[in-house]
Amino acid sequence: MMSSLTATERSRAFMITMTVLLGGLVMAAVGHGDPIGMQGWVVILFTAVVGVVLLKSFDAPDPVEDRSASYYDDPTRVGIIIALIWAVIGMGVGLWVASMLAWPNLRFDAAWSSFGRVRPVHTSGVIFGFGGNALIATSFHIMQRTSRARMPNQVLPWFVLIGFNLFCVIAASGYLMGITQSKEYAEPEWYADLWLVVVWVAYFILYMRTLARRNEPHIYVANWYYLAFILVVAVLHIVNNLAIPASLTGAKSYSAFAGVQDAMTQWWYGHNAVAFFLTSGFLGMLYYFLPKRAGRPIYSYRLSILSFWGIVFFYIWAGSHHLHYTALPHWVQTLGMTFSVMLLVPSWASAGNALMTLNGAWHKVRDDATLRFMMVAAVFYGLSTFEGSFMAIRPVNGLSHYTDWTVGHVHAGAMGWVALISFGSIYALTPVLWRREAMYSWKAVELHFWLALSGTVIYVFAMWNSGIIQGLMWRTYGETGTLKYSFLESMIAMHPYYVARALGGLLFLAGACVGLWNVLMTVRHMPRHAPERDYPTSSEATEPAVPAAE
Amino acid sequence: MLRRLLKPFARFFEFHARTHYRAERHSMALTVGIILAAGVGGFVEIAPLFTIADTVEDAPDMRVYTPLEQAGRDIYIREGCYACHSQMIRTLRDEVERYGPYSLAVESKYDHPMLWGSKRTGPDLARVGNKYSDDWQVRHLMNPRALVPQSVMPQYAFLQDAPLITADLPDRLAALRAVGVPYSDEMIANAGVDALAQARPDSAEAGGVFERYGDETAVRTFDGRTDRVTEMDALVAYLQVLGNLTDLPDAIQPEVEE
């Protein structure tokens, strides 16, 4: 894997790794006695492993083949495997925290194992670990294919991928030590946030430089979505995480914003993490892998334009629907609600565009579980965006907010849309990436599909029931005009649904395990098979290609 | 009729598609377009919250957290309590009857970050202060199911054995002042001493806590343990002050009539 790097590139990569290791040493030294010191050791351990991997093939000869005649797929391969490993970890932890809500004694009486500390390991594990790695890996693949150009640099993609995973590891280990900003989906502390900015800038540079080398005048729609993902996530991340550390030798920091302004900023971030992390990039996947797999062109170019700019423009306004009936000024709540409802138009335009693309290929959907993953993902995307717009309406939100209905909605999107499109893409991508004829076992793909679908449906129905029951119990009045149920009674009523939810999660996790196994078996046991015409058009890829004239 | 109404939109759409066909050949055009399109909403919704004066009410009696309470708040964050408990009572009748007067923006104006929460696996805590005794809070945190058999809350017995670290409290208060909480030099300098004194009512330094944070401040042995000040002291001190930083909500919201 490292042997496709030249000696110069390997030493450059080693230098970067050692620099980061040095940073870890500094953290461990100055942060002695503070959690940040422990985080320093995590950095040291992580970079040491990377360093050892590099050293093992340090003296290998330079690659002899003409590298510009092929795409650079090694980082994508590693990224896909890492994404699946994070899927198993993140969903496994998810199953654990879900079980803790049904059986609260399912923890070892330790400080690190309480629900509050483990839950962000689940959310970050699946969103950033699984989702983020899947996004980075597929974007590497798609930007090269749709540009018909190789990436401009061999070290930069590794830096982005490994650097991002360092962030994920710092984050997850930190939560267990009690390091958190408490900002939902932005829990990591200031030093991790700064590191992510560095990685993200590198990612943006890599993307732009690859696009600059393209042998295709037009930038394909999947790339618009990946670009929006990279750019807007950067803005959201930086603004939401503005904070002052209590000390440069400690992990703790205090948010620059307080109270109502902080609430708006956090949900501006939170909802657009959904928009630009969990939607935009995955739509990029959908726009590339679905038409590829179906063998049909995208149904409508114009719908793509409409939905893209609609999503970019409308989504940003929607965050305040998380704060209905709170101390946030009414006008902001109303704006958020209005734009959330309007958001349905571009969302359904995307989902419709995807489903219409399948016209003429529905027999493939029937036979091919990989394409079915993508089709069902598009359906869940349509369903959960409709549900989202509906729940953003103030009186509906009055019932749903603070209940499990929100959790169910999130998981309809996260499991039904994000995870299914990722799994579908991974199954479509794996044979191409490793030059294999097909997946090791199509039956396992089929099994994974039904496990994932049934898990999602059980999960979502359980949470709809529990959420709506809970919301109604909170507001039910008895004949005497007083509240009929105590909070405790509403909580006891949740128990059967929490058990059902854990079961749904178990099925979904089992599917992810089958997927990881299947990908590994494909890599190890399937015969080689080179796809036709999967190489950059211009062999002089070292020079930036001039986009063809009109 | 419909056709005539839609015609301008169709024309705009046509124009947009054609422009886009040209623009999508330039990665910088897309970059700038995305930043601009995504920038508008956030700017319009967030910036005015800092400039419109009546976004946050005036409450002259609103006080800052004492160092012990702030330390408790940091523990509340560290343990992820916000994942299951909200601190925001909405303007809905059942919430006001269940939890008390609805939350005002001013009540969290010194909260960096805010802990309004998004999920109530457990009840709202915005006004939990003084609702239960210290003893109840401690025993509940030690083992929730001893008091509420059906509870699914994790037990936090280890807090009772963890001595409170006060060395970094001056730094923490200074950082909070940097982001806008009006701590005085004196408060910052005495943060460590005040934190310990607030849990030691008989100590000589207890007077300083009243002096700096007001006579209403609760100075007592929160965890029932007099030999040392623990993280349990801090967390309970924080829980007991929730909803009691200002009297404004009670003053402007009359009791709900039966």
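Note that the structure is predicted; figures quoted are calculated from it, not measured.

*Asks:* Would you take a moment to explain the domain arrangement of chain B for this structure?
*Replies:* How big an interface is tends to be reported as the loss of accessible area on association of its parts. Here the domain parsing of chain B yields domain 1 (2-55) and domain 2 (67-251). Here domain 1 of chain B and domain 2 of chain B have C-alpha centroids that lie 45 Å from each other.

*Asks:* Before we go on, may I ask you to explain unusual backbone geometry in this structure?
*Replies:* If a residue is not glycine, its phi is most likely negative; likewise, a peptide bond is most likely trans. Here the residue pair histidine 112 of chain B and proline 113 of chain B is connected by a cis peptide bond, since its omega of -5° sits within 30 degrees of zero. Along the chain, the position of proline 113 of chain B falls in the loop between helix 4 (93-99) and helix 5 (134-142). Backbone geometry at tyrosine 185 of chain A places phi at a positive 65°, although glycine is not the residue there. With respect to the helices and strands, tyrosine 185 of chain A occurs in the loop between helix 5 (155-177) and helix 6 (190-212). Given the relative accessible area of 18%, tyrosine 185 of chain A is considered buried. You will see that tyrosine 325 of chain A, though not glycine, has its phi angle at about 65°, which is positive. Its place among the elements puts tyrosine 325 of chain A in the loop between helix 9 (301-315) and helix 10 (330-342).

*Asks:* Sorry if this is basic, but what is going on with helix 8 (residues 259-294) of chain A here?
*Replies:* The α-helix winds at 3.6 residues per turn, so residues separated by three or four positions along the chain end up facing the same way. Residues and elements named next belong to chain A. Under the 1.5 Å per step criterion, the end-to-end length of helix 8 is 49 Å for 36 residues, consistent within 8% with the ideal 52 Å. Along helix 8, the sharpest change in direction is near 35° and occurs at asparagine 272. Burial within helix 8 is extensive, with 33 of its 36 residues counted as buried. Looking one or two residues beyond helix 8, the residue adopting positive phi is glycine 295, at roughly 70°.

*Asks:* It is not clear to me how the interface of chain A and chain B should be interpreted in this structure. Could you clarify?
*Replies:* Counting residues at the interface gives 95 residues for chain A and 84 residues for chain B. In total, about 8,000 Å² of surface goes out of reach between chain A and chain B, with carbon and sulfur atoms giving 65% of it. By the criterion of area lost to chain B, the three top residues of chain A are Tyr254, Trp309 and Tyr402 of chain A, representing 10% of everything that side buries. In this structure, the connection of chain A to chain B is made through four salt bridges. With a closest N to O distance of 2.9 Å, arginine 302 of chain A and glutamate 14 of chain B form a salt bridge. Across the contact surface, chain A and chain B share 31 residue pairs in polar contact (both at pLDDT 80 or more). Per-element accounting of the side of chain A that touches chain B gives the leading share, ten residues, to helix 8 of chain A.

*Asks:* Before we go on, may I ask you to explain the packing of aromatic side chains in this structure?
*Replies:* Both the distance between ring centres and the angle between the ring planes are used here to describe each pair of aromatic rings. Scanning all chains against the criterion turns up 44 aromatic pairs over all chains. By the ring-pair criterion, three or more aromatic residues cluster together here, those being Phe128, Phe140, Phe164, Phe167, Trp200, Tyr203, Tyr207, Tyr226, Phe229 and Phe277 of chain A. Its end group placed over the ring of phenylalanine 449 of chain A, arginine 372 of chain A keeps NZ or CZ at 4.9 Å from the ring centre. Across from the ring centre of tyrosine 477 of chain A, 4.3 Å away, lies the NZ or CZ of arginine 93 of chain B, which sits over that ring.

*Asks:* How should I be thinking about the nonpolar core in this particular structure?
*Replies:* For soluble globular proteins, the rule of thumb is that nonpolar side chains tend to be buried together. Membership of the largest hydrophobic core comes to 189 residues, with the highest contact counts inside it found for Phe164, Phe277, Trp417 and Phe423 of chain A. It is helix 8 of chain A that contributes the most residues to this core, 20 residues altogether. Phenylalanine 164 of chain A has contacts with Phe128, Gly132, Asn133, Ile136, Phe159, Leu196, Val199, Trp200 and Phe277 of chain A, leaving out every residue within four places of it along the chain. The next biggest cluster of nonpolar side chains, apart from the first, holds 55 residues, and it includes Tyr65, Ile75, Tyr82 and Ala237 of chain B.

*Asks:* What am I meant to see in the UniProt feature "transmembrane region" (unreviewed entry) in chain B here?
*Replies:* When the UniProt feature table is mapped onto this chain numbering, "transmembrane region" (unreviewed entry) sits at residues 28-50 of chain B. What you have in residues 28-50 of chain B is 100% helix and 0% strand, and the ends, taken at the C-alpha atoms, are 32 Å apart.

*Asks:* Can you help me understand the domain arrangement of chain A in this one?
*Replies:* All names here are of chain A. Here the domain parsing of chain A yields domain 1 (1-57) and domain 2 (73-525). One C-alpha centre belongs to domain 1, the other to domain 2; they are set 29 Å apart. Carbon and sulfur atoms make up 78% of the surface buried where domain 1 meets domain 2, a total of about 1,700 Å² over both sides. Counting the contacts that link domain 1 with domain 2 gives zero salt bridges. If you look at where domain 1 meets domain 2, you find five residue pairs in polar contact (both at pLDDT 80 or more). Every element with two or more residues in the side of domain 1 that touches domain 2 is listed here: helix 1 (7-30) and helix 2 (35-56). Taken together, the residues of the side of domain 1 that touches domain 2 break down into 14 nonpolar, three polar and two charged.

Reading guide: rules and limits
- Residues numbered from 1 in each chain as written.
- Chains lettered and ligands numbered in written order.
- Predicted model: local features only at pLDDT ≥ 70, side-chain atom pairs only at ≥ 80, totals over all residues.
- Heavy atoms only, no water.
- Domains from an automatic or database assignment.
- Helix = DSSP H or I, 4+ residues; strand = E, 2+ residues; numbered from the N terminus.
- Buried < 20%, exposed > 50% of the residue type's maximum accessible area, 1.4 Å probe, protein only.
- Expected span 1.5 Å × (residues − 1).
- Bend = angle between axes of the 7 residues up to and from the residue.
- Contact = heavy atoms within 4.5 Å.
- Buried area = accessible area lost by both parts, 1.4 Å probe.
- Salt bridge = Lys/Arg side-chain N within 4 Å of Asp/Glu carboxyl O.
- Polar contact = N/O pair within 3.5 Å; in protein donor to acceptor, adjacent residues only side chain to side chain.
- Phe/Tyr/Trp six-rings, centres within 6.5 Å; stacked < 30°, edge-to-face > 60°.
- Lys NZ or Arg CZ within 6 Å of the ring centre and 35° of its normal.
- Core = buried A, V, L, I, M, F, W, Y, C linked by side-chain atoms within 4.5 Å.
- UniProt positions renumbered as here; feature names shortened; annotations may be inferred.
- Nonpolar A, V, L, I, M, F, W, Y, C, P; charged D, E, K, R; others polar.

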